Amino acid sequence: MVTTEFSSWASLDLWRQAGGHVLYSLGLGMGITISFSSYKVGEDNYIQVASLVALVNLVTSLLATSIIFIVLGFWTSTSGHSCVEKSILKLKNLIKRGMLPQDAKPPEDMLYLTTLDYLDWISKLPQYLQYQVIHFSPSCSIKMQKEKFMEGPGLAFVAFSQVISLFPGASFWAILFFLALVIMGLSTSIQILEGIVSPLQNSISTFRRYPKLLSVLICLGGFLGSLVFTSHAGSYIMSLFDDYLIPLTLVIIVTFQNVALACIYGARRVREEIFSDLGRLLWSFFIVLWCYVTLPGLLALTTIYFMQLYQMVPPYYIAWNSSMEECQPANFKTGEPRLGSRRQQ
């Protein structure tokens with residue numbers, strides 16, 4: 001069952017992530033929308049087109065959210081037993097090797113009980129044993145699983161993969177799933193490439209004479225630059241880009257674009273430009289939304305992003321802990337496992 005935590009609405013980090021998602025999903029701040037709008041033909045009503053794009057994006061996001069909740073709900077309800085089984089086998093192995101005392105051995109019928117019973121057994125252990133069990137065994141709490149898998153690349157490549165493996169005919173669904181990921185990645189790459197190629201071709205004559213050369217150079221540069229994500233620190237760098245650098249850059253670009261148009265160039269001039277192009281005045285309601293809702297919202301979002309850079313709680317990313325043989329939240333600055341991450345079971 002899905003429950004709403006209204007208290008989380010007061011979290012600035014939640015609004016930061018939501019704002020960054022809206023900008024990225026609409027392709028704002030990357031030149032994609034501007035490049036595509038340059039191909040406007042004849043009497044196209046771009047007000048209706050823009051409204052349709054926003055509506056389609058909203059419907060798609062709501063549909064994707066529903067599917068994600070369904071899939072993750074199925075995953076959390078089926079992954080608990082396998083996690084408990086893995087944890088018990090690891091504890092027994094550590095007891096055989098003498099790394100844990102016999103008092104840390106789980107009851108024989110623990111494999112037939114629920115995940116909550118396992119967590120309850122841990123909570124009833126003596127304090128010194130409780131710390132050792134928590135330290136050496138993988139966490140089976142939903143909260144810890146969420147931190148590890150339900151955001152970023154872990155959502156697509158870990159959580160969804162584990163869910164698909166439980167489907168009937170798993171191989172067929174796995175092929176469809178990863179084929180959809182490939183198509184989605186290629187379509188996003190083509191859109192970003194278009195946003196880079198179009199202005200360069202329009203401003204540099206050499207690239208207009210050799211249009212394919214520019215595309216090859218950009219794709220080759222993107223490929224070589226992305227190799228850094230396959231390095232040992234790839235998870236760290238990708239999390240840094242995904243959580244902070246790219247969203248902050250998009251917010252700053254879109255905010256400056258809106259300030260330049262609404263305040264410097266002037267909303268009235270923009271309205272007159274639209275009137276000369278469409279032959280009718282734009283509704284005053286759109287101007288009010290633009291100047292008094294969208295612009296203050298973007299300024300507030302920019303402020304939230306900069307506030308998060310100086311937050312008291314250090315940011316973290318998901319890294320592989322070779323000593324524990326599992327993924328754990330790690331501190332961005334030091335790379336060490338995040339304090340308290342093992343105590344949240």
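Just above, that's the structure.
Let us look at the structure shown here. Everything numeric here is computed off the predicted structure, so don't read it as measured data.

**Comments concerning the nonpolar core**
Line of reasoning, step 1. Counting 16 residues, the largest nonpolar core has Leu91, Leu100, Ala104, Tyr118, Trp121, Ile122 and Val133 as its most contacted members.
Line of reasoning, step 2. Looking at this core, the elements that each hand over two or more residues are helix H3 (46-96), helix H4 (115-123) and helix H5 (127-136).
Line of reasoning, step 3. Here the element with the most residues in this core is H3; it accounts for 5 residues.
Line of reasoning, step 4. Excluding anything up to four places from it in sequence, Trp121 contacts Leu91, Ala104, Lys105, Pro106, Pro107, Met110 and Val133.
Line of reasoning, step 5. Residues Val270, Leu282, Cys291 and Leu295 belong to the second largest nonpolar core, which totals 10 residues.

**A short note on the environment of Gly222**
Line of reasoning, step 1. Residue placement: Gly222 occurs in helix H10 (residues 211-226).
Line of reasoning, step 2. Note: C-alpha distance between Gly222 and Leu193 (29 residues apart in sequence) is 9.8 Å.

**Notes on the pattern of salt bridges**
Line of reasoning, step 1. Counting across every chain of the model gives 1 salt bridge.
Line of reasoning, step 2. Of the charged contacts, one joins Asp13 and Arg16 as a salt bridge, the two residues approaching to 2.5 Å between their closest N and O atoms. Of the two residues, Asp13 and Arg16 both sit in helix H1 (residues 12-26), 3 residues apart, roughly one turn of that helix.
Line of reasoning, step 3. By relative accessible area, Asp13 is classed as partly exposed at 26%.

**Notes on a nonpolar patch on the surface**
Line of reasoning, step 1. On the surface, Tyr24, Val228, Phe229, Met238, Leu240, Phe241, Leu245 and Ile246 cluster together into a nonpolar patch covering about 620 Å² of accessible area.
Line of reasoning, step 2. Residue contributions to the nonpolar patch peak at 5 residues, all from helix H11 (residues 234-278).
Line of reasoning, step 3. Among the secondary structure elements, Leu240 is positioned in helix H11.

**Brief notes about helix H8 (residues 170-203)**
Line of reasoning, step 1. When the terminal C-alpha atoms of H8 are compared, their 50 Å separation across 34 residues agrees well with the 50 Å that a helix rising 1.5 Å per residue should span.
Line of reasoning, step 2. Among the residues of H8, those classed as buried are Phe177, Leu193, Gly195, Val197, Ser198 and Gln201.

**What to know about the side chain of Arg16**
Line of reasoning, step 1. Judged by its relative accessible area of 5%, Arg16 is buried.
Line of reasoning, step 2. Of the polar contacts made by the side chain of Arg16, one reaches the side chain of Asp13; its length is 2.5 Å.
Line of reasoning, step 3. Each residue touching Arg16, except ones within four places of it in the same chain, is listed here: Asp243, Leu301, Ile304, Tyr305 and Gln308.

**A closer look at the environment of Gln201**
Line of reasoning, step 1. Residue placement: Gln201 occurs in helix H8.
Line of reasoning, step 2. Gln201 sits 13 residues away from Leu214 along the chain, and the two C-alpha atoms are 8.2 Å apart.
Line of reasoning, step 3. Setting aside residues up to four positions removed in sequence, Gln201 forms contacts with Phe207, Arg208, Pro211 and Leu214.

**With respect to the state of the cysteines**
Disulfides are covalent bonds that connect the sulfur atoms of two cysteines.
Line of reasoning, step 1. Enumeration according to the criterion identifies 0 disulfides in this entry.
Line of reasoning, step 2. Between Cys291, a cysteine without a disulfide, and Cys263, which holds the nearest cysteine sulfur, the sulfur-to-sulfur distance is 7.1 Å.

**Some remarks on the side chain of Ser198**
Line of reasoning, step 1. Within the secondary structure, Ser198 is located in helix H8.
Line of reasoning, step 2. For Ser198, a relative accessible area of 10% puts it in the buried group.
Line of reasoning, step 3. Among the polar contacts listed, one links the side chain of Ser198 to the side chain of Glu194, at a separation of 3.0 Å.
Line of reasoning, step 4. If we ignore the near neighbours within four places in the chain, the residues touching Ser198 are Ser35 and Tyr39.

**Concerning H1**
Line of reasoning, step 1. Look at H1: 21 Å from first C-alpha to last across 15 residues, which is about the 21 Å you get at 1.5 Å a residue.
Line of reasoning, step 2. Taken residue by residue, H1 has Arg16, Gly19, Gly20 and Leu23 as its buried positions. Burial along H1 is one-sided: seen end-on, the buried residues are contained in an arc of 95°.
Line of reasoning, step 3. With a side-chain oxygen positioned 3.4 Å from the backbone nitrogen of Asp13, the residue opening H1 is Ser11.

**Overview of the packing of aromatic side chains**
Line of reasoning, step 1. Tallied over the entire structure, the rule returns 5 aromatic pairs.
Line of reasoning, step 2. Judged by centre distance (5.4 Å) and plane angle (70°), the ring pair of Phe172 and Trp173 falls under edge-to-face.
Line of reasoning, step 3. You can call Phe172 exposed: its relative accessible area is 51%.
Line of reasoning, step 4. Judged by centre distance (6.3 Å) and plane angle (65°), the rings of Phe285 and Phe286 are edge-to-face.
Line of reasoning, step 5. A relative accessible area of 31% places Phe286 in the partly exposed class.
Line of reasoning, step 6. Every member of this aromatic cluster is reached through a ring pair, and the members are Trp283, Phe285 and Phe286.
Line of reasoning, step 7. Just above the ring of Tyr244 sits the side chain of Arg16; from NZ or CZ to the centre is 5.4 Å.
Line of reasoning, step 8. Across the ring face of Tyr265, the terminal group of Arg269 is positioned such that the distance to the ring centre comes to 5.6 Å.

About the cut-offs
- Residues numbered from 1 in each chain as written.
- Predicted model: local features only at pLDDT ≥ 70, side-chain atom pairs only at ≥ 80, totals over all residues.
- Heavy atoms only, no water.
- Core = buried A, V, L, I, M, F, W, Y, C linked by side-chain atoms within 4.5 Å.
- Buried < 20%, exposed > 50% of the residue type's maximum accessible area, 1.4 Å probe, protein only.
- Helix = DSSP H or I, 4+ residues; strand = E, 2+ residues; numbered from the N terminus.
- Contact = heavy atoms within 4.5 Å.
- Salt bridge = Lys/Arg side-chain N within 4 Å of Asp/Glu carboxyl O.
- Patch = residues over 30% accessible without salt bridge, like charges linked within 9 Å, V, L, I, M, F, W, Y side chains within 5 Å.
- Areas by Shrake-Rupley, 256 points an atom, 1.4 Å probe, with all protein chains shown as cover.
- Expected span 1.5 Å × (residues − 1).
- Polar contact = N/O pair within 3.5 Å; in protein donor to acceptor, adjacent residues only side chain to side chain.
- Disulfide = S-S within 2.5 Å.
- Arc of directions from axis to C-beta.
- Phe/Tyr/Trp six-rings, centres within 6.5 Å; stacked < 30°, edge-to-face > 60°.
- Lys NZ or Arg CZ within 6 Å of the ring centre and 35° of its normal.

Bear in mind that shape data such as this cannot, by itself, settle questions of function.
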